[in-house]
Amino acid sequence: QVQLEESGGGLVQAGGSLRLSCAASGNIFSIGAMGWYRQAPGKERELVARLSLGSEAIYADSVKGRFTISRNNNKNTVALQMSMLKPEDTAVYYCNAGDVVEVLRKYSELWGQGTLVTVSS
């Protein structure tokens, strides 16, 4: 069974940086788009950044110029480099993978368990 595991969350002061990583484990043949979403307290989950298999990236307007998404297709990993963090970036960040093909199974969408990012003012 394919699983996504995030790491790298934590507490940081405003203006600081953090790097989130996500690794997909399992007998994976291919993964489509990979990305990051976040959910702040009392708010709906929202897209932060997403990277297609062909390396086409999309970002939420609120993070453009501050966050950078990258992926390693050979290692089935995706990372989110976050800079110039703001208190409003505080949220649980979730890794997402779409169209995951395992040796004997396909998954339309998978989610990690989430990692908490807290930005203090």
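Above: the structure in question.
Residues numbered from 1 in each chain as written. Predicted model: local features only at pLDDT ≥ 70, side-chain atom pairs only at ≥ 80, totals over all residues. Heavy atoms only, no water.

**A word on the overall build of the protein chain**
Filter applied, for reference: Working definition: helices are DSSP H or I runs of at least four residues, strands are E runs of at least two. Numbering for both runs from the N terminus. Throughout, radius of gyration means the C-alpha value; the globule benchmark is 2.2 Å times the number of residues raised to the power 0.38. Any residue under 20% of the maximum accessible area for its type is buried, any over 50% is exposed, and the rest in between are partly exposed; the area is computed with a 1.4 Å probe on protein chains only. Throughout, a residue-residue contact means that at least one pair of heavy atoms, one from each residue, lies within 4.5 Å. All accessible areas in this document rest on Shrake-Rupley with a 1.4 Å probe, and a residue is counted as covered only by the protein chains that are shown.
Scanning the protein chain from N- to C-terminus turns up zero helices and 12 strands. Reading the secondary structure of the protein chain in the N-to-C direction produces β-β-β-β-β-β-β-β-β-β-β-β. Over its C-alpha trace the protein chain gives a radius of gyration of 14 Å, about what one expects of a compact globule, namely 14 Å for 121 residues. For the C-alpha atoms alone, the extent of the protein chain along its principal axes is close to 50 × 25 × 25 Å. The buried share among the 121 residues of the protein chain stands at 42%. Once local pairs closer than 6 in sequence are excluded, the contacts in the protein chain between residues at least 24 apart make up 56%. Carbon and sulfur atoms make up 47% of the accessible area of the protein chain, which totals about 6,700 Å².

**Things to note about the environment of V100**
Mapped onto the fold, V100 is located in strand 10 (residues 91-102). Exposure remark for V100: the relative accessible area of 1% places this residue in the buried category. For the pair V100 and I28, spaced 72 residues apart in sequence, the C-alpha to C-alpha distance is 7.3 Å.

**Examining the packing of aromatic side chains**
Test applied: For this analysis, a ring pair means two rings from Phe, Tyr or Trp (six-membered ring only for Trp) whose centres lie within 6.5 Å, classed as stacked if their planes differ by under 30 degrees, edge-to-face if by over 60, and tilted for the remaining angles. Charge over a ring is defined by NZ of Lys or CZ of Arg lying within 6 Å of the ring centre and within 35 degrees of the ring normal.
By the definition in use, this model includes one aromatic pair. Aromatic side chains Y37 and W111 sit 5.0 Å apart centroid to centroid with 65° between the ring planes, which places their arrangement in the edge-to-face category. Remark: W111 occurs in strand 11 (residues 106-111) and Y37 occurs in strand 5 (residues 34-39); sequence separation between them is 74 residues. The ring of Y94 carries R45 above its face, with NZ or CZ at 3.7 Å from the centroid.

**Points about the sheet that holds strand 1 (residues 3-7)**
Heads up, the rule is: Being paired, for any two strands, means DSSP has found at least two bridges between them. To get an axis, fit a line to the C-alpha atoms, keeping to the stretch in contact for a helix; angles then go from 0 to 180 degrees between the N-to-C directions.
Overall, antiparallel pairing links the four strands, which are arranged 1-3-9-8 in an open sheet. The open sheet has two edge strands, strand 1 and strand 8 (67-72), and neither has a second partner. Looking at each pair of strands side by side, their axes are set apart by 15° on average, direction ignored.

**A look at the state of the cysteines**
Rules: Cysteine sulfur atoms that pair up within 2.5 Å are treated as a disulfide.
Following the criterion strictly, the structure yields one disulfide and no others. Here C22 is linked by a disulfide to C95, with a sulfur-sulfur distance of 2.1 Å. With the S-S bond torsion at -80°, the cross-link from C22 to C95 turns out left-handed. Taken together, the residues C22 in strand 3 (residues 18-25) and C95 in strand 10 connect sequence positions 73 residues apart.

**Some thoughts on the pairing of strand 1**
Of the two faces of strand 1, the one lined by L4 and E6 is fully buried and the one lined by Q3, E5 and S7 carries no buried residue. Of the strand pairs in this sheet, strand 1 and strand 3 are connected by five bridges, and their pairing is antiparallel. Following the sheet pairing, Q3 is matched in strand 3 by S25.

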